[in-house]
Amino acid sequence: MKNILIFALFLGTAFCALVRSFVDEDGRTIDQHVDSHLTRGPDGGLYRITYDAEVLGGNFITSLDSAEGIVKVLCDVNDIEMIIDFHTIPEAYALYNKIKDEGYEKYITSLRYNCTNSKNRPFVNIKEVLTVELNRNQILIRTALGSYERLFRNANVRVEPLSGPEGYEKTLCFGVNANEDCTAAAAPFPLYQNDFIDLSCTNCFVGTKATANFAFKISWFKLRRVAVGFKDISVNGAFVLDMTATAATSGGIDKTYVAAAGVVLQFWIGPIPIVVIYQIPIRILGDAMIEAKATGKIGALATWKLGDAYVEWNEHSGWKRGRMDPKFTWSHQLDGDLTLQAAASLSIIPSVELSLLRIVTAGFTMTPNVRAAASGSLKEKQLCADLFYRVHGDIYASINMNIPFISSLNWKYGPHSLFDTKEQNIGHKCIRKDKEAFA
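Here the structure is a predicted model, which is why all the values come from computation and not from measurement. (Residues numbered from 1 in each chain as written. Predicted model: local features only at pLDDT ≥ 70, side-chain atom pairs only at ≥ 80, totals over all residues. Heavy atoms only, no water.)

Peer 1: Any details on the overall build of the protein chain? Residues and values, ideally.
Peer 2: When its secondary structure is counted, the protein chain shows two helices and 26 strands. Among the 439 residues that make up the protein chain, the fraction classed as buried is 53%. In the protein chain, the share of contacts with a sequence separation of at least 24, taken over all contacts with a separation of at least 6, comes to 72%. Accessible area of the protein chain: about 19700 Å², with a carbon and sulfur share of 50%. (Helix = DSSP H or I, 4+ residues; strand = E, 2+ residues; numbered from the N terminus. Buried < 20%, exposed > 50% of the residue type's maximum accessible area, 1.4 Å probe, protein only. Contact = heavy atoms within 4.5 Å. Areas by Shrake-Rupley, 256 points an atom, 1.4 Å probe, with all protein chains shown as cover.)

Peer 1: Help me get a handle on the state of the cysteines, residues and values and all.
Peer 2: All chains considered together, the criterion is met by two disulfides. Between the sulfur of Cys 201 and that of Cys 204 lies a disulfide, 2.0 Å long from S to S. Between Cys 201 and Cys 204, the S-S torsion sits near -60 degrees, and that sign places the bridge as left-handed. Each member of the pair, Cys 201 as well as Cys 204, is classed as buried. With a sulfur-sulfur separation of 1.9 Å, Cys 384 is cross-linked through a disulfide to Cys 430. Measuring the twist about the S-S bond at about 110 degrees, one finds the Cys 384-Cys 430 disulfide to be right-handed. One end of the pair, Cys 384, is in strand β24 (residues 382-403); the other, Cys 430, is in strand β26 (residues 424-432), with 46 residues separating them in the sequence. (Disulfide = S-S within 2.5 Å.)

Peer 1: Please give an account of the nonpolar core that cites residues and values.
Peer 2: Formed by 101 residues in total, the largest nonpolar core has its most connected members in Phe 152, Phe 214, Phe 216, Phe 267, Trp 304, Leu 306 and Trp 330. With residues up to four places along the chain from it excluded, the contact list for Leu 306 reads Ile 233, Val 235, Met 324, Asp 325, Pro 326, Phe 328, Phe 364, Met 366 and Phe 419. By size, the runner-up hydrophobic cluster in this structure holds 16 residues, among which are Leu 64, Ala 67, Ile 70 and Val 73. (Core = buried A, V, L, I, M, F, W, Y, C linked by side-chain atoms within 4.5 Å.)

Peer 1: Provide a residue-level description of the environment of Gly 270, including the pertinent values.
Peer 2: Among the structural elements, Gly 270 can be located in the loop between β16 (261-269) and β17 (272-279). Relative accessible area serves as the criterion here: at 34%, Gly 270 is assigned to the partly exposed category. C-alpha of Gly 270 to C-alpha of Asp 31: the two residues are 239 residues apart in sequence and 8.3 Å apart in space.

Peer 1: Tell me what's going on with the side chain of Ser 351, and back it up with residues and numbers.
Peer 2: Tracing the sequence through the fold places Ser 351 in strand β22 (residues 341-356). Other than its neighbours up to four places away in sequence, Ser 351 contacts Gln 279, Ile 280, Pro 281, Phe 364, Thr 365 and Tyr 396.

Peer 1: Let's hear about the confidence of the model for the protein chain: which residues, and what values?
Peer 2: Residues at a pLDDT of 70 or more form 86% of the protein chain, whose mean pLDDT is 83. Here strand β1 (residues 10-23) stands out as the element of the protein chain with the lowest mean pLDDT, 59, in contrast to helix α1 (residues 89-99), whose mean of 93 is the highest. Throughout residues 435-439 the model reports pLDDT below 50, and contacts reaching past four residues in sequence, or to other chains, amount to six contacts. (pLDDT = per-residue confidence, 0-100.)

Peer 1: Tell me what's going on with unusual backbone geometry, and back it up with residues and numbers.
Peer 2: A cis amide bond links Gly 414 to the next residue, Pro 415, at an omega of 10 degrees. With respect to the helices and strands, the residue Pro 415 is situated in strand β25 (residues 407-420). You will see that Phe 221, though not glycine, has its phi angle at about 60 degrees, which is positive. Positive phi, close to 55 degrees, is recorded for Lys 422, a residue that is not glycine.

Peer 1: Quick one: what's the story with the pattern of salt bridges, residue by residue and with numbers?
Peer 2: Under the counting rule described, the total for this entry stands at 17 salt bridges. The residue Glu 81 makes a salt bridge to Arg 142 at a minimum N-O spacing of 3.1 Å. Here Glu 81 is found in strand β6 (residues 81-86), whereas its partner Arg 142 is found in strand β9 (residues 138-145), with 61 residues between them in sequence. (Salt bridge = Lys/Arg side-chain N within 4 Å of Asp/Glu carboxyl O.)

Peer 1: For the sheet that holds β6, give the residues involved together with the corresponding values.
Peer 2: Read from one edge of the open sheet, six strands run β4-β7-β8-β9-β6-β5, paired in mixed fashion. The strands lining the two open edges of the sheet, one partner per strand, are β4 (61-63) and β5 (70-75). Adjacent strand axes in the sheet meet at a mean angle of 35 degrees, parallel and antiparallel pairs treated alike. As paired elements, β4 and strand β7 (residues 106-110) share three bridges and run parallel to each other. Paired with Thr 62 across the bridge in β7 is Ile 108. (Pairing = 2+ DSSP bridges. Axes fitted to C-alpha atoms, helices over the stretch in contact; angles between N-to-C directions.)

Peer 1: I'd like a description of the packing of aromatic side chains, backed by residues and values.
Peer 2: Inspection of every chain in the model, using the stated rule, returns 15 aromatic pairs. Relative to Tyr 389, the ring of Phe 328 has its centre 5.9 Å away and its plane inclined at 45 degrees; by these criteria the two rings are tilted. One end of the pair, Phe 328, is in strand β21 (residues 324-336); the other, Tyr 389, is in strand β24, with 61 residues separating them in the sequence. No difference in accessibility class separates Phe 328 from Tyr 389, as the two residues are buried. Following the ring pairs from residue to residue traces out a cluster consisting of Phe 239, Trp 304, Phe 328, Trp 330, Tyr 389 and Phe 419. The aromatic ring of Trp 220 is capped on one face by Arg 153, whose charged end is 4.2 Å from the ring centroid. The residue whose ring lies beneath Lys 231 is Tyr 310, and the NZ or CZ to ring-centre distance is 5.3 Å. (Phe/Tyr/Trp six-rings, centres within 6.5 Å; stacked < 30°, edge-to-face > 60°. Lys NZ or Arg CZ within 6 Å of the ring centre and 35° of its normal.)

Peer 1: Describe in detail the pairing of strand β13 (residues 197-219), supporting the description with residues and values.
Peer 2: Along any regular strand, the residues point their side chains to alternate faces of the sheet. Counting buried residues along β13, 18 of its 23 residues qualify, which places the element largely inside the surrounding structure. The pairing of strand β11 (residues 172-176) with β13 spans five bridges and is classified as antiparallel. Looking at the pairing, Leu 172 lines up with Ala 210 of β13. Inspection of the sheet shows strand β12 (residues 189-193) paired to β13 by four bridges, in the antiparallel sense. Of the residues in β13, the one forming a bridge with Tyr 192 is Leu 199. Taken together, β12 and the strand that follows it, β13, pair antiparallel across an intervening segment of three residues. Looking at chain direction, β13 and strand β14 (residues 222-245) are connected through 20 bridges and run antiparallel. When the sheet's bridge partners are listed, Gly 207 is paired in β14 with Asn 236. Following β13, the chain reverses through two residues before pairing antiparallel with β14; Trp 220 in that reversal takes a positive phi of roughly 50 degrees.

If you want it as structure tokens, here you go:
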């Protein structure tokens, strides 16, 4: 279940760039960054990053990632104090001189130095400097949580997939036990076992392909609009339950897995880092009731075209979401003993979440269920099964922008239903069997 694919996009060719500085009406130095460049993913797809942003300039913001001579950064358990060790005293003094108190707020940013407890997860480190002390080649900084709204005076930022003559649009693969291109199961895995029954999945996976999109707008240090989500979602899947029983029995599983997060995209606007990640919490439900000693394999393969799952918020009209017109294709998977008399059910439930860190998170949950009843006949030498499915999709989102000492904005949306197929019939299938082959 650890086959959560991590696809990192990296910076490509810059097409244009412009940086200018000016002093605003409050006497603050403002740097304007204008850029449009391509980012190519490992699958060959291209994304265009476009932004026009005015950020606090001068010594307002300092990136630790560009500081010279840092040996290590240590943080206290409350993520308030940072101790930074340098190779030399002059290197420590150079950073101290940038972030010392000069009568106005100062911030430090980083992608490299993580002060959270989640050491293995992507992060953005934005801190307001409260006090700073220099002790030879070591600096002690007391901090408060920073916010993008305190760093951007104005910003229009957009990331979108590119198609056409400049490049071809490619999708990311968000796999749950899926291979690299989300078309097949990566490995078998067990579900449930006791003295009488063994349930496993030799062919179970959900492979979701989509393009990631996001945009946000900040004006006069306030969030005005944000949009995030997936477009052109398609799914390949297999929901095939393997059953072995030594007597009439039943068993089942209900387990939630915490998925690792992966970086979709990261880039800088001047000294300000932007990170987009995905993560896939997973829940698996499965059960089977078998009436006698038997072995069997029953389930279905799936191909779905779902459309778009995205949300948008703006300060005037609030939330809106994309609409789906999903289409489903299923095929039977059936094998086993002629003595098999069983009823089974299997659900693999992923929630694919896309997060623009420290700004917004949007998630799309698919809840597919495949239900089957199988019956073998020694007399007719055939094994038959009736299969049914139900899939429903939900979307949810939350905006989280923490502004220390002023306010805390936390808008939530959903979960709201995107679609619900209700229970549908996949069909009835029979296969001929040679009874001696299963003796």
